[in-house]
Protein chains: 2
Amino acid sequence: MPYPYKKMTEEDFAYIRSVTSEDRVWVGDEIAREFYRDEMPEYGVFPPELYVEIENRDEVSAIMKYAYENNIPVVCRGAGTGLAGGATCKYGGIMLSVMRMNRIFPVDHKNQTITCEPGALLLDVQAAAAAEGLFYPPDPGEKTASIGGNVITNAGGMKAVRYGLTRDFVRCIEAVLPDGSIMNFSSNVVKNTTGYDIKDLVIGSEGTLCILTQVTLKLLPAPTCSCTLVMPFGSLEECADMVPEVLALPFVPTAIEFLERELIDIVERNLGKLLPVRQGEAVLIVMYDASSRQELDSAVEAAAEAALAHGAIDCCIANTPERAASVWAVRGGILEGMKADSVAQEECDVVVPRACIAEYVKAAKRIALSHGIRVEPCGHCGDGNIHTEMLRGPEMSDEEWKSATHASLTELYALSKKLGGQLSGEHGIGNGRLEFLEEFVGERMIRLYKSIKLAFDDRLILNPGKVIEFNK
Amino acid sequence: MPYPYKKMTEEDFAYIRSVTSEDRVWVGDEIAREFYRDEMPEYGVFPPELYVEIENRDEVSAIMKYAYENNIPVVCRGAGTGLAGGATCKYGGIMLSVMRMNRIFPVDHKNQTITCEPGALLLDVQAAAAAEGLFYPPDPGEKTASIGGNVITNAGGMKAVRYGLTRDFVRCIEAVLPDGSIMNFSSNVVKNTTGYDIKDLVIGSEGTLCILTQVTLKLLPAPTCSCTLVMPFGSLEECADMVPEVLALPFVPTAIEFLERELIDIVERNLGKLLPVRQGEAVLIVMYDASSRQELDSAVEAAAEAALAHGAIDCCIANTPERAASVWAVRGGILEGMKADSVAQEECDVVVPRACIAEYVKAAKRIALSHGIRVEPCGHCGDGNIHTEMLRGPEMSDEEWKSATHASLTELYALSKKLGGQLSGEHGIGNGRLEFLEEFVGERMIRLYKSIKLAFDDRLILNPGKVIEFNK
C-alpha cells in the first residue's frame, strides 16, 4: 500500500530539476500560496512539496515514472479554477502545472477539429476556432479555465442544452499514465469501437487516472444568428413547467435558464445590472442559435406563442446583441451579486430530472431555511443542473455556518437522490464532495470506483484522496 | 485463475431452472443451433451448455451470483444480429437471452426519454417514440437488433453525422455485475459528474463488463421534413473532397454516404434497384432533416450550389419521399447485392479521419487486389467509417480465401493505423477482430484493457475471450 507516501528529499528535487529545468521548479516555501488551493479554499488548502511547470509530454512521463518508482503523489493542475477542491496536493508531493504547455495548433478544416495542449485557455481555444469561422460550443462560466481542466472535469455550462458537454467535443486524448506510459485514447475519428472506451472514462475523472498532454476537439460551423427570449411567470412552478414545452418544440434551444425575482433583485441591487423585464416571480430565459434568419424567426415565434399559451405574463424578445447582452449580464452576475450580498457562500451542484426542477427548488429552500440559511437556487433549467447557492448572513458564527451548511447539504443530496438526481452535475467530486459520495452511490459502486482507480493507478500516486479515498 | 471453467452438471442445470422456470431453460442438444453463433459464423460457432431466457433483473442477478461462485462463464445475448462474433459461448457455459425482457415503458414527455428493457427491438423503440411525436435517431442498418445489443456495442449507423451514436442517446443504464450486484449507472439526468463515468465505459463493452437489464434513452422532437441529394462526381477523390465542403456549410447534414459506380452496378444488376442518377464514377448521397420547410430549402440550396462549385457533374434533388426511397434502396441493398454477386464475404469496419477517406479507399483496393480479392469499400463518408467488403470469387479455394482475407485484413488495419484511424468504427472487436487488436493498440493498452476488465469481472466469467483474451 502506498501510504504513507515518501516525503520528498533534496535528491528528489534534484531529479525533477534534471528532467525539466532549474527555473521551472519551486520547492517548499518558494511555492506561491495560490497553488495550495483552487477556487474553493473551503474544500482544502494543501502545500505541495514541489511545484513544477512542465513543457512537454516527455517531462510528464519522466516525472510520473520517477514518482511511480518512488511512491510520491502527483497532482496535475491547470488554471486552478475548479470548484471541487480537485487540483490540490492533499497528500503533499508534486504539483505539476501544465500552464506552459498551452499551444493551440492550426484548425484542421477537413476534419473540422482543433488540437491543443492542456494549458491552453478555453477562451483562446474558442477564439482560435472563431477566427476560422468555426465554433467550439462548450461554455462554462469560467472562460479562463484551461482546456485540459475542462476535459478532465467534463465541464458543462449554459449551452449544454443544444450542444452537449465538453465530453461531446473530445475526439481524442493523449495522456500519461501513472507509470509514465504515453497513451492515445482514440484518434481523430468520429466513432470508434476499438476496445474499451477509455477516452470517455478519463473525461470527468478529475486528474485521478492519467495526465492529459494533448486533446483534439470537434468544432462546428458557427451559427449565423441568435436570439434570447425572456418569459416572466407568476410562479416558479409555471416557469419550470414551461421547460418541457420549450423542449417539445421542433427547434432545439441553445440555453434555458431560470431566475427567481429574489435573485434578480440581488443582482440589480448589488451590481446595478437591470433585467429588461420587471414582471414575474420567476423568469425563464431561452436562447436560440440558428443558421439562417428564417430558421431563427420560426423558432422565436414558436417559443413566444408557446410561452403565452402556457401562462407567461409576457414574452420579451431580446433580438439585438445589446438587448441580449443586458439579459445575460444579469444571469452572468449571479455569483458576484451573491458574494456582495453575503459574507460567505457554499454551493451544491446537484442535477435532477428536468421534470423535478420546481419540486427540487421549493424543497431546497425549505431545507436551507430550516437550518437558518438563505438559499438561492439558480441555473440550468434546460438540463436540471441547479446550482443551489447557500448564503451566509453576517450574524452567523463560523460554527453555526459550518454545521448549518453540512446539515443542509446532507438533506439536499438526499433530496436529489430521492428525485432520481445526482450529487454533482458539472462541478465534480474532488475533495469537497467526497464525504457525501458513498452515501449517495452506495458501497458496491464505491468498490467499483476503487477497482477502476486501481486499474489505472495501482500505486495510488495520482491526485490521491480525490473522487475516491482509500486512506481509511 | 478461472481457466478451466467448471463444466456444467445436472445440479447446475437444476439450479438455473429453480431461479427461472423449467420451460425457459434448454441444455445440450436441446439448444437451437442459431444460438451457437451471431450473424458472422466466420467468427466462431460455439455451443452453450445451457440456454436460458430470463424475464427480469432478479433472475439475471441470481444466475450471475451462482455463476460467479461456481466459475461458470455467462454470455448475454440479444437478437443475435452482431457482426463481430460477440454473443457466443466461446468457453461454453450459460447463454442468457434477454429477448423476453422486452418491455417498452410509456414515453416520459417531461424528460423527453423512453425507458425499455434490453430485449426490446430497435424498430419497436423507434416506433414507440414516433407514436408520441418524438424521435430516436440512432439508425444502424439492422432494425431487428435488440436495443440492449445496440447499447452494449454502441451501434452507429448512417445518421451519426447529425445525431451521433447510440452512446449519445443513453441517459442511464441498469445492469447486473458479474457478482450479481444490481447497479444503476447514472440516472435520468442530462449531465452527471458524480464519480467515474461508468455508463460510458459500459457502452460499447460488448457484454464483457456487465449485463444490461434496463436502459433509458434520450429522444428528440421529430424533424418535420427531409430531403436527399445525389451528387455524381467524375472520380472518387472529387467525391471524397466534397465531404468537408458539405460539413463546412452552416447546416448539419443527417447522413453523408458514398457509392462507387461499380457497387451501384452490382446492386442494379443483382437486385434490379436503380439509382436515379446514371452519371459519375462515384456519387455522394447527402440527406438533410429540418424542422421547417424554409430551413430545409436553405440547406438543400446551399449544398447543391456547393456541389456544383466543387466539381459535381450534376446535383439530383430527391425531394419527394418516393424519390428519396429509391436512392436509399440502392444504398440499403449493398450487402444483399454483394452477397448475390459473390460466394462469400469478409469485412473490415475501419474508421479513418474524414480527411483520409479517398486515400484509404484507393489503397484498400490495391491491397485487396494484390491478394487476388475483389473489394468494395462503401459506407459512412460523413464519419470516415468505411465498410470494406471483400468478395470471394467462385474460383477461390477455402484455403486461398482464408489466407487472402487474413493478409488483406492485416494490411488494411495497418493502413488505417497509419492514417490515424481505428480498427473498428461500429461493429466492435468481439471474437472476430481479437487477433488484430494488440498489434493495433499496443501492449500497454492491452494491459490497461485487462485491468479494466478485471475491475468489473475479477473471475473472468462474463463473455470471456471477447474484446480481450486472458487465456494465453
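Being a predicted model, the structure only gives us computed values, none of them experimental.

The rules behind these values
- Residues numbered from 1 in each chain as written.
- Chains lettered and ligands numbered in written order.
- Predicted model: local features only at pLDDT ≥ 70, side-chain atom pairs only at ≥ 80, totals over all residues.
- Heavy atoms only, no water.
- Helix = DSSP H or I, 4+ residues; strand = E, 2+ residues; numbered from the N terminus.
- Rg over C-alpha atoms; globule rule 2.2 N^0.38 Å.
- Buried < 20%, exposed > 50% of the residue type's maximum accessible area, 1.4 Å probe, protein only.
- Contact = heavy atoms within 4.5 Å.
- Areas by Shrake-Rupley, 256 points an atom, 1.4 Å probe, with all protein chains shown as cover.
- Domains from an automatic or database assignment.
- Buried area = accessible area lost by both parts, 1.4 Å probe.
- Salt bridge = Lys/Arg side-chain N within 4 Å of Asp/Glu carboxyl O.
- Nonpolar A, V, L, I, M, F, W, Y, C, P; charged D, E, K, R; others polar.
- Phe/Tyr/Trp six-rings, centres within 6.5 Å; stacked < 30°, edge-to-face > 60°.
- Lys NZ or Arg CZ within 6 Å of the ring centre and 35° of its normal.
- Least-squares fit on C-alpha atoms with pLDDT ≥ 70 in both.
- Pairing = 2+ DSSP bridges.
- Axes fitted to C-alpha atoms, helices over the stretch in contact; angles between N-to-C directions.
- Parallel < 35°, antiparallel > 145°, perpendicular 65-115°, else oblique.

Asks: Please clarify how the overall build of chain A should be interpreted in this entry.
Replies: For chain A, the count of helices and strands is 15 helices and 17 strands. On C-alpha atoms alone, chain A measures out to a radius of gyration of 23 Å, which is about the 23 Å that the 2.2 N^0.38 rule sets for 472 residues. Dimensions of chain A, computed from C-alpha atoms along their principal axes, come out at roughly 70 × 60 × 40 Å. The 472 residues of chain A split such that 64% are buried. Nonlocal contacts in chain A, meaning residues at least 24 apart in sequence, comprise 73% of its contacts between residues at least 6 apart. Summing over all exposed atoms, chain A offers an accessible surface of approximately 16,500 Å²; the carbon and sulfur share of this is 51%.

Asks: What is the right way to read the domain arrangement of chain A from this model?
Replies: Size of an interface, as often reported, equals the accessible area lost when the parts are brought together. Residue and element names in this part refer to chain A. Domain boundaries in chain A define domain 1 (113-221), domain 2 (225-335) and domain 3 (342-433). With centres defined by C-alpha atoms, the gap from domain 1 to domain 3 works out at 28 Å. At the interface, 7 residues of domain 1 touch 7 residues of domain 3. In total, domain 1 and domain 3 occlude about 500 Å² of area from one another, counting both sides; carbon and sulfur atoms represent 47% of this. Per-residue buried area on domain 1 facing domain 3 is highest for G157, V161 and E206; these three make up 61% of the total on that side. At the surface where domain 1 touches domain 3, the tally comes to 0 salt bridges.

Asks: What is the right way to look at the pattern of salt bridges in this model?
Replies: Between side chains of opposite charge, a pair can form as their charged atoms come close. According to the stated counting rule, one finds 64 salt bridges over all chains in the structure shown. The salt bridge partner of K191(A) is E426(B), with a shortest N-O separation of 2.6 Å. With K191(A) in the loop between β8 (182-185) and α6 (198-202) and E426(B) in the loop between α13 (398-418) and α14 (434-441), the pair connects residues from two separate chains. Pair check on accessibility: K191(A) and E426(B) agree, each one buried.

Asks: Even after reading the chapter, I still don't get the interface of chain B and chain A, so can you show me in this structure?
Replies: Taken residue by residue, the interface counts 85 residues in chain B and 85 residues in chain A. Interface area, chain B with chain A, both sides summed: about 6,600 Å², of which 59% is carbon and sulfur. Interface area lost by chain B to chain A is led by K191(B), T193(B) and Y196(B), which between them contribute 15%. Applying the counting criterion to the chain B and chain A interface returns 12 salt bridges. For R167(B), the salt bridge is made with D197(A), and the minimal N-O distance between the two is 3.0 Å. Counting residues per element, the ones that place at least two in the side of chain B that touches chain A are β8 (182-185), α6 (198-202), α7 (236-248), α9 (293-309), α14 and α15 (443-456) of chain B. Here the residues of the side of chain B that touches chain A sort into 35 nonpolar, 33 polar and 17 charged.

Asks: How do you make sense of the packing of aromatic side chains when you look at a structure like this?
Replies: Any aromatic ring pair is given by two values, namely how distant the centres are and how the planes are angled relative to each other. All names here are of chain A. A full pass over the atoms with the stated rule returns 16 aromatic pairs over all chains. Among the aromatic residues, ring-to-ring pairing joins W26, F35 and Y51 into one connected group. Of note, K417 hangs over the ring of F440, and the distance from its end group to the ring centre comes to 5.9 Å. A cation over an aromatic ring shows up here: K450 above the ring of F470, its NZ or CZ 5.4 Å from the ring centre.

Asks: Help me understand the relation of the copies chain B and chain A, please; the structure alone is not making it clear to me.
Replies: Least-squares fitting of chain B to chain A yields an RMSD of 0.0 Å, with the superposition described by an axial translation of 0.0 Å and a rotation of 180°. The transformation relating the two chain copies, once decomposed into turn and shift, fits a two-fold axis. Comparing contact sets, 100% of the residues at the interface of chain B also lie at the interface in chain A, consistent with an isologous, same-surface contact.

Asks: Explain the pairing of strand β12 (residues 255-260) of chain B here, please?
Replies: Within a regular beta strand, the side chains point alternately toward one face of the sheet and then the other, so they alternate between its two faces. Residues and elements named next belong to chain B. Among the 6 residues that make up β12, 6 are buried, leaving the element largely enclosed by the rest of the structure. Neither face of β12 is left uncovered, since the one carrying A255, E257 and L259 and the one carrying I256, F258 and E260 both have all their residues buried. Both β12 and strand β13 (residues 282-290) contribute to a ladder of 6 bridges, which runs antiparallel. Looking at β13, one finds that E260 is bridged to A282. As paired strands, β12 and strand β16 (residues 374-380) are joined by 2 bridges and run antiparallel to one another. Bridging across to β16, F258 finds its partner in G379.

Asks: In this structure, what is going on with the packing of α14(B) against α15(B)? I would like to understand it.
Replies: Helices that pack against each other are described as a pair by the angle of their axes relative to one another and the distance between those axes. Residues and elements named next belong to chain B. Viewed as axis vectors pointing N to C, α14 and α15 meet at an angle of 120°, and their least axial separation amounts to 6 Å. Accordingly, the angle class assigned to the pair α14 and α15 is oblique. Where α14 abuts α15, its residues L437, E438 and V441 lie against E443, M445, I446 and Y449. When its residues are assigned to classes, the contact of α14 with α15 shows 5 nonpolar, no polar and 2 charged.

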